Amino acid sequence: MNLSVQLAPGHEKGLRLANPVMTASGTFGYGTEYSHLFDIQKLGAIVCKGTTLKPRDGNPQPRLVETPSGLLNSIGLQNIGVKALIREKAPIWAKWRVPVIVNIAGETVEEYATLAKELDNVPGISGLEVNISCPNIGAGGAEFGLHPEPAARVTATVRANTHLPVLVKLTPNTGEITRVAAAVAEAGADAICLVNTVRGMAIDIYTRQTLLGNGTGGLSGPAIKPIALAMVYEVAGSVELPVIGCGGITSGSDAVEFIMAGASAIQVGSASFVNPRAPLDVLEGIEQFMAREGVKDISELVGAARR
Ligand SMILES: Cc1cc2nc3c(=O)[nH]c(=O)nc-3n(C[C@H](O)[C@H](O)[C@H](O)COP(=O)(O)O)c2cc1C
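Since the model is a prediction, treat every value here as computed from it, not as a measurement.

Student: Sorry if this is basic, but what is going on with the packing of helix α6 (residues 225-236) against helix α7 (residues 252-261) here?
Tutor: With their axes 8 Å apart at the nearest point, α6 and α7 run at an angle of 25° to one another. As far as their axial angle goes, α7 and α6 are roughly parallel. Residue-level contacts link K225, A228, L229, V232, Y233 and A236 of α6 to D254, E257, F258 and A261 of α7. Across the contact of α6 with α7, the residue classes break down as seven nonpolar, no polar and three charged.

And the structure:
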């Protein structure tokens, strides 16, 4: 059975994964937090927590609220900053078989450029995932992903400042997802990842306050799966690039749905909070499905629901 996928076919080095299962940024730390729980080297790739130029403390507490079939978060990109990541995490990743992709976020286009430059040629880093879709930071973030022009500007800037494969992660909080995807593809992205969280909020009716310290946040988990699936289907039908599906995946069959919608790879996010082994369970579920259905190569399933 062949599960390997190429996520950057147009890139000189390419980005080949042994299988299509990746972890979603912000839900799997730096990978190190999970490495004692299961063999994370079996995964297709690990995407680390969103990284900014300077370390960030994130937003006021509370930052996580459970909702029916979902999770609202407003972490606000709490992270150790790019310098500490290069110093402390990359040397560990350099010894791993599983490729690690660094998710980056900036408040200005210049910050994205600096992040891309700093992370270029660092051993242990196999690609960049550009977050133009974080709803939880005051400046920048989501704004860049809402419209084609700023999304293209960030993508072209990162592309010009790195030799690494560039994945661009889109927000579902736009009314023009296919136009944003086309702009990002045109600007030099190697692959497109979607979706980030869906903007949402919750209110405690007894304290009469919003439950998240920041007021609003981003919804993830099974509640957003149908939204993400439809967006993957739409975007995969409109761009030539590989698409990475993300949003509410908790099982192998969820993953197969995304692959049949047109995703070449998938990411497991909030499911890891419920079951730390979820990414491996999803991989095993895909393998079992392929064995049962007599599928020899995962590429036979990519976009199967589109034909
Ligand atoms: C607690 C938390 C933190 C997240 N942090 C990031 C982040 O730093 N960068 C990013 O691009 N996405 C971040 N995300 C979004 C996830 O990577 C993913 O796109 C989203 O949660 C949808 O997938 P899921 O439904 O499987 O969780 C975060 C999500 C959660 C729940």
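Student: Which parts of the structure should I look at to understand the site of the ligand?
Tutor: Around the ligand, the surrounding shell holds 25 residues, and the nearest of these are S25, K169, G221, G248 and S270. The backbone of S25 places a nitrogen or oxygen atom 2.7 Å from an oxygen atom of the ligand. Note that an oxygen atom of the ligand is positioned 3.1 Å from one of the backbone N or O atoms of G269. Protein coverage of the free-state accessible area of the ligand, which is 610 Å², stands at 97%.

Student: So what exactly am I meant to see when it comes to the packing of aromatic side chains here?
Tutor: Where two aromatic rings form a pair, the distance of their centres and the angle of their planes describe that pair. Scanning the model with the defined rule gives four aromatic pairs in all. With centroids separated by 6.5 Å and ring planes inclined at 25°, the aromatic side chains of Y30 and W93 adopt a geometry described as stacked. In this pair, Y30 sits in the loop between β3 (21-23) and β4 (46-47) while W93 sits in helix α1 (residues 82-93), placing the two residues 63 residues apart along the sequence. Residue class for Y30 comes out buried when judged on its relative accessible area of 7%. In textbook terms, an aromatic cluster arises when at least three aromatic residues are bridged by ring pairs, as seen for F28, Y34 and F38. The ring of Y233 carries R306 above its face, with NZ or CZ at 4.2 Å from the centroid.

Student: Any chance you could explain a nonpolar patch on the surface here in plain terms?
Tutor: On the surface, a cluster of nonpolar side chains totalling about 510 Å² of accessible area is made up of M201, I203, I205 and Y206. Structurally, I205 is set in the loop between β12 (203-204) and β13 (209-210).

Conventions used here
Residues numbered from 1 in each chain as written. Predicted model: local features only at pLDDT ≥ 70, side-chain atom pairs only at ≥ 80, totals over all residues. Heavy atoms only, no water. Axes fitted to C-alpha atoms, helices over the stretch in contact; angles between N-to-C directions. Helix = DSSP H or I, 4+ residues; strand = E, 2+ residues; numbered from the N terminus. Parallel < 35°, antiparallel > 145°, perpendicular 65-115°, else oblique. Contact = heavy atoms within 4.5 Å. Nonpolar A, V, L, I, M, F, W, Y, C, P; charged D, E, K, R; others polar. Near = heavy atom within 4 Å. Polar contact = N/O pair within 3.5 Å; in protein donor to acceptor, adjacent residues only side chain to side chain. Areas by Shrake-Rupley, 256 points an atom, 1.4 Å probe, with all protein chains shown as cover. Phe/Tyr/Trp six-rings, centres within 6.5 Å; stacked < 30°, edge-to-face > 60°. Buried < 20%, exposed > 50% of the residue type's maximum accessible area, 1.4 Å probe, protein only. Lys NZ or Arg CZ within 6 Å of the ring centre and 35° of its normal. Patch = residues over 30% accessible without salt bridge, like charges linked within 9 Å, V, L, I, M, F, W, Y side chains within 5 Å. Salt bridge = Lys/Arg side-chain N within 4 Å of Asp/Glu carboxyl O.

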